[in-house]
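One letter stands for each residue in the lines below.
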Amino acid sequence: MGNRSRPRFRFIPREQSKAKVEERPRTTREQLFVIGLFIIPGAIIYTVFLIMPMLQAGYYSLFDWNGLGPLTDFIGFGNYERAFQHSIFQTSVVNSLIITALSLLIQLPLAMALALMVGRKLPGRFFFRSIFFMPYVFSEIITAIIWTFVYNPGGGLLNTVLATVIPNYEPIGWLANRNIALLAIFFVITWKYFGLHMILYMAGLQSINSEVEESARIDGANELQVLRYITLPLVAPTIRLTVYLSVLGSLNQFVLIWILTAGGPANTTQVMASYMYRFGIKSFNLGYGSAVAVTIFVIALVFSIGYQRAIMRRDYAGSV
Amino acid sequence: MAAMTSTRTTPRRPLPWQRILSRLLQYAILIALALIILGPVLTAVLGGLKTTGELYDLPFGLPAVPRWENYTGILNSESFWLQLKNSVIIVTGTVSLTVTTSALLAFVFSRLVFPGRELIFNFFTLGLLFPVTIAFLPVFIQIRQIGLIDSYFGIILPLVAFGIPGSTLILRGFFRSIPSELEDAAYIDGCGTLGFFWYVLVPLARPALGAVIVLQTIVAWNEYFLPLLVLTDDSKWPLTLGIMQFQGQYGTDWGRVMAFVSLLIVPAVLFYILTQRYIVTGLTGGELKG
């Protein structure tokens, strides 16, 4: 029933899983044939290149394996123990969490503020929306190369601009300074991805019936109260969805970071995925790398299941 | 007049000058942010015509003498066109296979009823948790075992596998929204299941198919780590690998690097302008208009 009135996001895996499609009386022989024919090509590719690698990673992670010879060195959970005790891995987990927290606390509110601003009535909203969302289509490689120039300690864009504004300005090595580098990276992540969340919020806001807000105003609510008690609760499903996407997206950040700093200086900007590349593949330790991969999957899976059960469940409630 | 309307509808509607002021403030913020987005991009595009010194001193200015040789050097090199061809092969293969397999899956999961359907569907959405950017290590081991190193299929098939969950989800949502009366009519007119899929559903689902095509094009075109691991033969490299190698080689000559960046970013912007509608449809499930 609630199906039609609330925003529907088709990226939610389990959404409306039991919604009623017009049921045909029975599954005919022809349909069984079609079902098999249609599922098989996708199922083969998906299983061979996604499911199997994941399961194999679980198996390889129990071996000390350089990736070349046969799997002989069974070491149980040795790889996991080694990873959890490795200070650089610990740093990389913390950095992934920092990026996640910053995304939730800065990127999402920024996206919401812009969606409210550009949202519904502002003349020129299409123009601004297009610009803010544009970096989403740029490859991470291009983005990282451009920002390598922006952050260049010599005559990079940022230092040049700041030098014209601030007198006696001393150029800063944004990516070389271990106190700043992670924040500088986060700025690039925000630059590239806040538009995605803004678009999702705009879609959510657009589905609100503006008469509800209008009647609150007539009842004497000021703009802040309307926002706090009417608008935000009505887009809550969208907010819950973007929190979900933002956390998973942050845990998966990797390419930008690798090109910008390669985890440096002195491994201070390493995140889980870059750690896996650096200490798994680059040092020919595929068993160890698999253990790191499994750790990342488990974190993503636990978060996903927990979040969907605890937080997003109510978004399905009306739809079943 | 303002007073009249305000007594009738909202007693607290702000005065005109307050509204103008808040509008101005809004535009100031929006323009400042737009500059932060566009500044680096414009610098890169202009930078392709400059020397490194000019880029450092006058990032936004026009160069005294445009250095067209930055561009001609790249456009005359064989490797650039080879890499472009490789990128096109990878994108075409990935997109066509992803759309076909996902559309078939989405049809089964949206319009046919059979036992275990939701379970199988959930199995297919598991992959949403692990984008290929993070699963590259296990995928790389598997590709090596199958013997797809240095083959385009070593890139294409994993990208398809990781594209299937999201694409199926988008298409399934769209297929479900097509009224069942159409389906009944098609069956009454003598269409079989296959006929309904091909003659009714696929033409109607063009916006969703477009969204999947565009989103997958972006993913395949931008992929970097998978080709880096799978392709040791540099004659098969796509542009993403090409530009990283170029940057490694000419890292200090920012003008040349920016020329290469511009050759990739200008088409990306055009592509974005032309397909923005589809991207937004795909990401928001068709909710956002205007």
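Every chain begins its residue count from 1, and numbering advances along the sequence as written. Chains and ligands are labelled sequentially in the order written, the chains with letters from A and the ligands with numbers from 1. pLDDT decides what is reported in this predicted model: residues at 70 or higher carry local features, side-chain atom pairs at 80 or more are listed and counted, and totals for whole chains, interfaces and linings draw on all residues regardless. Computation of side-chain values covers all heavy atoms of the structure but excludes hydrogens and water.

Engineer: An account of the overall build of chain A is requested, with residue identities and associated values reported.
Structural biologist: Scanning chain A from terminus to terminus reveals 13 helices and zero strands. The secondary structure listing takes helices from DSSP runs of H or I that are at least 4 residues long and strands from runs of E that are at least 2 residues long, numbered from the N terminus. In sequence order, the secondary structure elements of chain A are arranged as α-α-α-α-α-α-α-α-α-α-α-α-α.

Engineer: Could you give an account of the overall build of chain B, naming the residues involved and the relevant values?
Structural biologist: Of the regular secondary structure elements, chain B holds 14 helices and zero strands. Partly exposed residues are those whose accessible area sits between 20% and 50% of the maximum for their type, while under 20% is buried and over 50% is exposed, using a 1.4 Å probe and protein chains only. Taken across its 290 residues, chain B has 54% of its residues classed as buried. Whether two residues are in contact is decided by their heavy atoms, any of which lying within 4.5 Å being enough. Pairs at least 24 residues apart make up 69% of the contacts formed inside chain B by residues separated by at least 6 positions. Summed over all atoms, the accessible surface of chain B reaches about 12700 Å², with 69% contributed by carbon and sulfur. In chain B, 18 side chains carry a positive charge and 15 a negative one; their mean positions are 14 Å apart. Note on areas: these come from Shrake-Rupley sampling with a 1.4 Å probe, and a residue is covered only by the protein chains present in the view. For this count, His and the chain ends are skipped, Lys and Arg are scored as positive, and Asp and Glu as negative. Note on charges: their place is set at NZ of Lys, CZ of Arg, CG of Asp or CD of Glu.

Engineer: An account of the interface of chain A and chain B is requested, with residue identities and associated values reported.
Structural biologist: Interface size is commonly expressed as the accessible area that is lost once the parts come together. Each side of the interface is counted separately: chain A has 112 residues, and chain B has 117 residues. With both sides pooled, the region where chain A packs onto chain B buries about 10200 Å², and carbon together with sulfur makes up 75% of that total. Salt bridges are counted wherever a side-chain nitrogen of Lys or Arg sits within 4 Å of a carboxyl oxygen of Asp or Glu. At the boundary of chain A with chain B, the tally comes to zero salt bridges. In the analysis that follows, any N or O atom pair within 3.5 Å is treated as a polar contact, provided that within protein one partner can donate a hydrogen and the other can accept it, and provided that, for residues neighboring in sequence, both atoms belong to side chains. Where chain A touches chain B, the interface holds 15 residue pairs in polar contact (both at pLDDT 80 or more). Considering every element that reaches the side of chain A that touches chain B, the biggest residue donor is helix 1 (residues 29-60) of chain A, with 22 residues. Amino acid classes used here: Ala, Val, Leu, Ile, Met, Phe, Trp, Tyr, Cys and Pro are nonpolar; Asp, Glu, Lys and Arg are charged; the rest, including Gly, are polar. Here the residues of the side of chain A that touches chain B are counted per class, giving 76 nonpolar, 24 polar and twelve charged. The term buried area refers to how much accessible surface (probe radius 1.4 Å) is lost by two components on association, counted for both of them together.

Engineer: Give a detailed account of the packing of helix 5 (residues 140-150) of chain A against helix 2 (residues 16-47) of chain B, specifying residues and quantitative values.
Structural biologist: Contact geometry of helix 5 of chain A with helix 2 of chain B gives a least axis separation of 10 Å together with a crossing angle of 90°. By the angle between their axes, helix 5 of chain A is roughly perpendicular relative to helix 2 of chain B. Of the residues in helix 2 of chain B, those in contact with Ile 146, Trp 147, Phe 149 and Val 150 of chain A of helix 5 of chain A are Pro 40, Thr 43 and Ala 44 of chain B. Looking at the contact of helix 5 of chain A with helix 2 of chain B residue by residue, the class counts come to six nonpolar, one polar and no charged. Axis angles are defined between N-to-C directions and span 0 to 180 degrees, where every axis is a line fitted to C-alpha atoms and, for a helix, only to the segment in contact. Any angle from 65 to 115 degrees is called roughly perpendicular, while one under 35 is roughly parallel, one over 145 is roughly antiparallel, and all others are oblique.

Engineer: Can you tell me about the environment of Leu 283 of chain B, naming the residues and giving the values?
Structural biologist: When you line up the elements, Leu 283 of chain B lands in helix 14 (residues 254-284). Here the alpha-carbon distance between Leu 283 of chain B and Val 212 of chain B, two residues 71 residues apart in the chain, equals 9.5 Å.

Engineer: Could you give me a rundown of the pattern of salt bridges, with the residues and numbers involved?
Structural biologist: The tally for this structure, following the rule as stated, stands at six salt bridges over all chains. Between Glu 223 of chain A and Arg 217 of chain A there is a salt bridge whose closest N-O contact spans 2.6 Å. The class of Glu 223 of chain A is partly exposed, set by a relative accessible area of 48%. Of the charged contacts in the structure, one is a salt bridge between Asp 253 of chain B and Arg 67 of chain B, with a shortest N-O distance of 3.8 Å. Pair noted here: Asp 253 of chain B is in the loop between helix 13 (239-250) and helix 14 and Arg 67 of chain B is in the loop between helix 3 (52-57) and helix 4 (69-75), with a separation of 186 residues, a long-range link.

Engineer: Can you lay out the packing of helix 3 (residues 87-118) of chain A against helix 2 of chain B for me, pointing to particular residues and giving the numbers?
Structural biologist: Across the interface, helix 3 of chain A lies against helix 2 of chain B with an axial gap of 11 Å and an inter-helix angle of 125°. It follows that helix 3 of chain A is oblique to helix 2 of chain B by the angle criterion. In terms of crossing hand, the pair formed by helix 3 of chain A and helix 2 of chain B is left-handed. Contacts between helix 3 of chain A and helix 2 of chain B involve Leu 114, Met 117 and Val 118 of chain A on the former and, on the latter, Gln 26, Ile 29, Leu 30 and Leu 33 of chain B. A crossing counts as left-handed when the near helix is turned anticlockwise from the far one by less than a right angle, and as right-handed when that turn is clockwise.

Engineer: I'd like to hear about helix 9 (residues 223-234) of chain A, residue by residue, with values.
Structural biologist: Residues and elements named next belong to chain A. Buried within helix 9 we find Val 226, Ile 230 and Thr 231. What you see down the axis of helix 9 is that its buried residues fit within an arc of 85°, all on one side. Seen from the buried face of helix 9, the exposed residues on the opposite side, beyond 90 degrees, are Leu 224 and Tyr 229. Against the buried residues of helix 9 lie helix 3, helix 7 (181-206) and helix 8 (210-218). The N-cap of helix 9, judged by a side-chain oxygen 3.1 Å from the amide nitrogen of Leu 224 a few residues on, is Asn 222. Arc definition: it is the arc formed by the directions from the helix axis to the C-beta atoms.

Engineer: Tell me about a nonpolar patch on the surface, residues and numbers included.
Structural biologist: To count toward a patch, a residue needs a relative accessible area above 30% and no salt bridge. Like charges then connect within 9 Å, nonpolar side chains (Val, Leu, Ile, Met, Phe, Trp, Tyr) within 5 Å. Among the surface-exposed residues, Val 161, Val 165 and Ile 166 of chain A together with Phe 60 of chain B lie close enough to one another that they form a single nonpolar patch of about 350 Å² accessible area. Within the secondary structure, Phe 60 of chain B sits in the loop between helix 3 and helix 4.

Engineer: Hey, could you go over unusual backbone geometry for me, with residue numbers and the actual values?
Structural biologist: A cis amide bond links Gly 264 of chain A with the next residue in sequence, Pro 265 of chain A, at an omega value of -10°. You can see Pro 265 of chain A is positioned in the loop between helix 11 (255-260) and helix 12 (272-281). You will see that Asp 150 of chain B, though not glycine, has its phi angle at about 65°, which is positive.

Engineer: Tell me about the packing of aromatic side chains, and please be specific about residues and values.
Structural biologist: Geometry of an aromatic ring pair is reported as the spacing of the ring centres plus the angle between the planes. All names here are of chain A. Aromatic pairs are defined between Phe, Tyr and Trp rings, using the six-membered ring for Trp, whenever the two ring centres lie within 6.5 Å; interplanar angles under 30 degrees are classed as stacked, those over 60 as edge-to-face, and all others as tilted. Counted by the stated rule, this structure contains 49 aromatic pairs over all chains. On the numbers, 6.1 Å between centres and 50° between planes, the contact of Tyr 59 with Tyr 60 is tilted. Considering the side-chain rings of Phe 254 and Tyr 277, the 6.1 Å spacing of their centres and the 55° angle between planes classify their relative orientation as tilted. A residue pair is termed long-range when its members are at least 10 positions apart, and Phe 254 in the loop between helix 10 (236-251) and helix 11 and Tyr 277 in helix 12 qualify at 23 residues. No difference in accessibility class separates Phe 254 from Tyr 277, as the two residues are buried. Every member of this aromatic cluster is reached through a ring pair, and the members are Phe 138, Trp 147, Tyr 151, Trp 174, Phe 187 and Trp 191.

Engineer: Break down the confidence of the model for chain A for me, with residues and values.
Structural biologist: Any residue range with low pLDDT should be treated as having predicted coordinates unsuitable for detailed reading. Per-residue confidence for chain A gives a mean pLDDT of 86; residues scoring 70 or more make up 89%. Note on residues 1-25 of chain A: pLDDT under 50 across the span, and 67 contacts to partners over four residues away in sequence or across chains. Values of pLDDT, ranging from 0 to 100, describe the predictor's confidence in every residue of the model.

Engineer: Outline the environment of Phe 127 of chain A, supporting the account with residue identities and numerical values.
Structural biologist: Residues and elements named next belong to chain A. One can find Phe 127 in helix 4 (residues 125-133). Classification of Phe 127 by relative accessible area gives exposed; the value is 52%. Distance from Phe 127 to Leu 37, taken between C-alpha atoms, is 45 Å for residues 90 residues apart in sequence.

Engineer: Which residues make up the side chain of Ser 92 of chain A, and what values do they have?
Structural biologist: Within the element layout of this structure, Ser 92 of chain A appears in helix 3. Residues within four places of Ser 92 of chain A in sequence aside, it is in contact with Gln 270, Val 271, Met 272 and Tyr 275 of chain A.

Engineer: Outline the environment of Arg 172 of chain B, listing residues and values.
Structural biologist: All names here are of chain B. Structurally, the position occupied by Arg 172 is in helix 8 (residues 153-176). Take Arg 172: its relative accessible area is 5%, and that puts it in the buried class. Here the alpha-carbon distance between Arg 172 and Thr 43, two residues 129 residues apart in the chain, equals 42 Å.

Engineer: Describe in detail the confidence of the model for chain B, supporting the description with residues and values.
Structural biologist: Residue and element names in this part refer to chain B. Across chain B, pLDDT averages 87, with 93% of residues at or above 70. Low pLDDT (under 50) marks residues 1-11, which in the prediction has seven contacts with non-local residues, meaning those over four places away or in another chain. Interface confidence for the predicted complex, given as ipTM, is 0.88, next to a pTM of 0.87.

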